[in-house]
Amino acid sequence: MALKDKTNNPMVVVTRHATATISVLGTLMILGWLLRYSFYGLDFTDESYYLVWMSNPFIYEASASQFGFIYRPLYILLSGDIASLRQANIVITFSLGWGLAYTYLASLAPEVRQGRVALHVTAAGLGTSSLVVFSTWLATPNYNSLAFQSLMITAIGLLLADKTISRKSVAGWIIVGIGGWLAFMAKPSTAVALAVGIFVCLLVSRKFSLRLLLLAAATTIGLLLLSAMVIDGSILGFAKRLQLGIDFGGYLGGGHTMSQILRIDNFRVRTPGQLAILSVLVMALVAIWGALSEKPRDLIVFLSVSVVFFTATALLAFGRVHKTAGLGEFEGLLIFGVVFAAALTGLIFGRPKPLSSLSVAQWAVAIFFLAMPHIYAFGTNRNYWENGAWAGIFWLLAGVTLLRPVVRERGTWSFALPLALATQMVTAILLQTGLEQPQRQTQPLRLNETILEIGPQRSALVLSEGYAAYIADAVAAAQNSGFKHGTPVIDLSGQSPGILYAIGAKSVGQAWTIGGYPGSLKLAKAALGHVACEKIAEAWVLFEPDGPRSIPTELMSSLGAAFPRSYQEVGTWRTAEGAGGYDASRIQELYKPTAPSEALSACQAIRAREMK
């Protein structure tokens, strides 16, 4: 017996409208929640590196990722304001997530012309899962966000592309090319995996067209050539930049070599996580069953469960719950509760043969989407499942694929609103972890109370008292020593790009002279080896005696600089507890060169010997 859509039933109409309304409110609450907290907190390491890199990427000769160049116009447009950059990144990511979800849902059942509002609302709710990428609270634009955004752009293009030549299809192939270019600029490893995935998907889905594929490839290559000219003035210069970036990554010993990234990772969801996934699955299935029923009692169940999802999201977004889920390092896999609910809905209610009702092309895209989170994570030194969960929207949409027979029979997406609400709740739970336990920060963001203007652009952020005092002391010491904005600094602390950004320094050699790795010293030497001796001679030095990530002072002697003999200590301060991820407070010292001419001569002599 076929399911019938009771759109004329007043109770059905009321419950659907009510559920759609609270779904819209849930989406807006999550967005407002993140936009409000964009003014809170700062990580002195990774996030500060993003800011340093965006602020002036052209001064560095080596980079495997070019995200700093891509986001540089946004940085200029927003005058370098940190909170505005975060907000822009959040809005861009959500907009792409919403657009991807809408495009995919519409492609699953293009013959369904009714209930477009329900389609948009459902897509927006599912699109909130794209915000999980900020679950560690690194919301400032970075290579991870650019890689994720590029994959969503590519996926949208792939859904629009076809073998036939039409405006829509040609636009889709061009969008695929743009997405591939952005993926390369974000993470070349992700771009390579994406290219393989697209090629296989096109072959299996029978959408392969050599002429149109060449159009996409030409778009990617054209944009890459244009990027090369803008960034380095020549293709050879850009190629050298990439090669140096790859070499530098090998020097560091951070787990980014080819043999280390070609791996299959395992995951383990502990009992609390399994129960949480099961709970989301059961509740979503029950709500959908109620939505598909014509009985008043079942409709009440549908609305009641939807309200439970919404209430949980609201309590988190409005700060009424301060605990985290505590599901472990793989808590991002909680999204599979919604994935399984969507898939089972299709299998149970998609009569008579839900699996055979899907075309080969739809199966190909679904499988491609299942692989997308691993394509996103490919190349990272983190666990691929843990890292891939940040792109969990693709897993979610893969599960939604099985809803095709149901939506075709019902003629509307209204029954899927519980999935949107469940997605919002899962997203809120995962974001709560980031806001309560922000990366390398000592307390939940909600406890921050000290407002401080940071960096050359005077960005106002709300920080913890300790972090604010750390920055204020460093800025005061630098200003009292006569330090001027744009002065080059060699960072021997190994973990303080945030302090360099705060005092307005120009980080020499690398946007982050990173310490703590087996090859940190070798990398620092190699990077500074590409810096002019004049710049090295005039550079100040940030030093952290016995710091956990400090770069050995032999770095300076390898450059011809006699440190600390030929330098004057002009300022000192204590780090905040927790800064850089270390509990103990440490002393940092700022040194000014006293004999730059001697350092210049020594540096030039060393370079001359190396060239022989």
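Parameters at a glance
- Residues numbered from 1 in each chain as written.
- Predicted model: local features only at pLDDT ≥ 70, side-chain atom pairs only at ≥ 80, totals over all residues.
- Heavy atoms only, no water.
- Core = buried A, V, L, I, M, F, W, Y, C linked by side-chain atoms within 4.5 Å.
- Buried < 20%, exposed > 50% of the residue type's maximum accessible area, 1.4 Å probe, protein only.
- Helix = DSSP H or I, 4+ residues; strand = E, 2+ residues; numbered from the N terminus.
- Contact = heavy atoms within 4.5 Å.
- Pairing = 2+ DSSP bridges.
- Patch = residues over 30% accessible without salt bridge, like charges linked within 9 Å, V, L, I, M, F, W, Y side chains within 5 Å.
- Areas by Shrake-Rupley, 256 points an atom, 1.4 Å probe, with all protein chains shown as cover.
- Salt bridge = Lys/Arg side-chain N within 4 Å of Asp/Glu carboxyl O.
- Expected span 1.5 Å × (residues − 1).
- Axes fitted to C-alpha atoms, helices over the stretch in contact; angles between N-to-C directions.
- Parallel < 35°, antiparallel > 145°, perpendicular 65-115°, else oblique.
- Left-handed = near helix turned anticlockwise from the far one by under 90°.
- Nonpolar A, V, L, I, M, F, W, Y, C, P; charged D, E, K, R; others polar.
- Right-handed = clockwise from strand over helix to strand, strands pointing away.
- Polar contact = N/O pair within 3.5 Å; in protein donor to acceptor, adjacent residues only side chain to side chain.
- Phe/Tyr/Trp six-rings, centres within 6.5 Å; stacked < 30°, edge-to-face > 60°.
- Lys NZ or Arg CZ within 6 Å of the ring centre and 35° of its normal.

Draft legend 1. Main features of the nonpolar core. With 175 residues, the main nonpolar core has Phe 369, Phe 394, Leu 419 and Ile 471 as its most contacted residues. Residue contributions to this core peak at 13 residues, all from helix H4 (residues 82–108). Each residue touching Ile 471, except ones within four places of it in the same chain, is listed here: Leu 42, Phe 44, Leu 452, Ile 454, Leu 463, Ile 499 and Ala 502. Formed by 21 residues, the second largest nonpolar core is a distinct cluster that contains Leu 528, Phe 543, Met 556 and Tyr 591.

Draft legend 2. Quick peek at the pairing of strand S1 (residues 450–454). Sheet topology note: the S1/strand S2 (residues 459–463) ladder contains five bridges and is antiparallel. When the sheet's bridge partners are listed, Ile 451 is paired in S2 with Val 462. Where S1 hands over to S2, the hairpin turn is made up of four residues, of which Gly 455 adopts a positive phi near 80°.

Draft legend 3. Layout of the sheet that holds strand S6 (residues 567–574). Strand order across the open sheet formed by five strands is S4-S3-S5-S7-S6, with mixed pairing between neighbours. Of all strands in the sheet, those bounded by a partner on one side alone are strand S4 (506–507) and S6.

Draft legend 4. Summary view of a nonpolar patch on the surface. Taken together, the side chains of Val 192, Val 196, Phe 199, Val 200, Leu 203, Val 204 and Val 360 define a hydrophobic patch exposed on the protein surface, amounting to about 580 Å² of accessible area. For the nonpolar patch, the element with the highest residue contribution is helix H8 (residues 188–205), accounting for six residues. Positionally, Val 200 belongs in helix H8. By relative accessible area, Val 200 is classed as partly exposed at 43%.

Draft legend 5. Here's a closer look at helix H14 (residues 336–349). Across its 14 residues, H14 extends 19 Å between first and last C-alpha, which sits within 8% of the 20 Å expected from 1.5 Å per residue. Extensive coverage of H14 is indicated by the burial of ten of its 14 residues. What H14 keeps buried is the set Phe 336, Gly 337, Val 338, Val 339, Ala 341, Ala 342, Ala 343, Thr 345, Gly 346 and Phe 349. Structurally, H14 contributes buried residues whose contacts are with helix H12 (271–292), helix H17 (393–400), helix H18 (404–410) and helix H19 (417–436).

Draft legend 6. Region of interest: the packing of H4 against H17. Here H4 crosses H17 at 15°, and the two axes come no closer than 11 Å. Accordingly, the angle class assigned to the pair H4 and H17 is roughly parallel. The way H4 lies across H17 gives a crossing that is right-handed. Mapping the contact onto sequence places Gly 97, Leu 100, Ala 101, Tyr 104, Leu 105 and Leu 108 in H4 and Ile 393, Phe 394, Leu 397 and Val 400 in H17. In the contact of H4 with H17, the residues fall into nine nonpolar, one polar and no charged.

Draft legend 7. Fine view of the pairing of strand S3 (residues 488–491). Side chains of S3 alternate between two faces, with Pro 488 and Ile 490 and Val 489 and Asp 491 buried alike. Looking at chain direction, S3 and S4 are connected through two bridges and run parallel. Residue pairing across strands places Pro 488 opposite Lys 506, the latter belonging to S4. This β-α-β element, S3 to helix H21 (residues 497–503) to S4, shows right-handed connectivity. Judged from the three bridges that link them, S3 and strand S5 (residues 540–543) form a sheet pairing that is parallel. Bridge pairing in S5 links Val 489 to Trp 540.

Draft legend 8. Local environment of the environment of Val 121. With respect to the helices and strands, the residue Val 121 is situated in helix H5 (residues 116–127). The class of Val 121 is buried, set by a relative accessible area of 10%. Taking the C-alpha atoms as reference points, Val 121 and Phe 248, 127 residues apart in sequence, are found 46 Å from one another. In contact with Val 121, other than residues within four places in its own chain, are Ala 20, Ser 23, Val 24 and Leu 417.

Draft legend 9. Looking closely at the pattern of salt bridges. Overall, the coordinates contain twelve salt bridges when judged by the stated rule. The closest approach of N and O atoms between Arg 408 and Glu 111, which form a salt bridge, is 2.5 Å. Note that Arg 408 is positioned in helix H18 and Glu 111 in the loop between H4 and H5, a separation of 297 residues in sequence. For Arg 408, a relative accessible area of 43% corresponds to the partly exposed category.

Draft legend 10. Quick peek at the side chain of Ser 493. Residue placement: Ser 493 occurs in the loop between S3 and H21. At 2.7 Å, the side chain of Ser 493 and the side chain of Ser 496 are in polar contact. Leave out the neighbours within four places in its chain, and Ser 493 touches Leu 542, Glu 544, Arg 549, Ser 550 and Gln 588.

Draft legend 11. Highlighting the packing of aromatic side chains. For the structure on display, the rule yields 32 aromatic pairs. Judged by centre distance (5.0 Å) and plane angle (75°), the rings of Phe 58 and Phe 69 are edge-to-face. Here Phe 69 lies in helix H3 (residues 67–77) and Phe 58 lies in the loop between helix H2 (46–55) and H3, a separation of eleven residues in the sequence. Among the aromatic residues, ring-to-ring pairing joins Tyr 49, Tyr 50, Trp 53, Phe 58, Tyr 60, Phe 67, Phe 69, Tyr 143 and Trp 512 into one connected group. Across from the ring centre of Tyr 376, 5.5 Å away, lies the NZ or CZ of Lys 187, which sits over that ring.

Interpretation in functional terms is not warranted from these geometric data alone.
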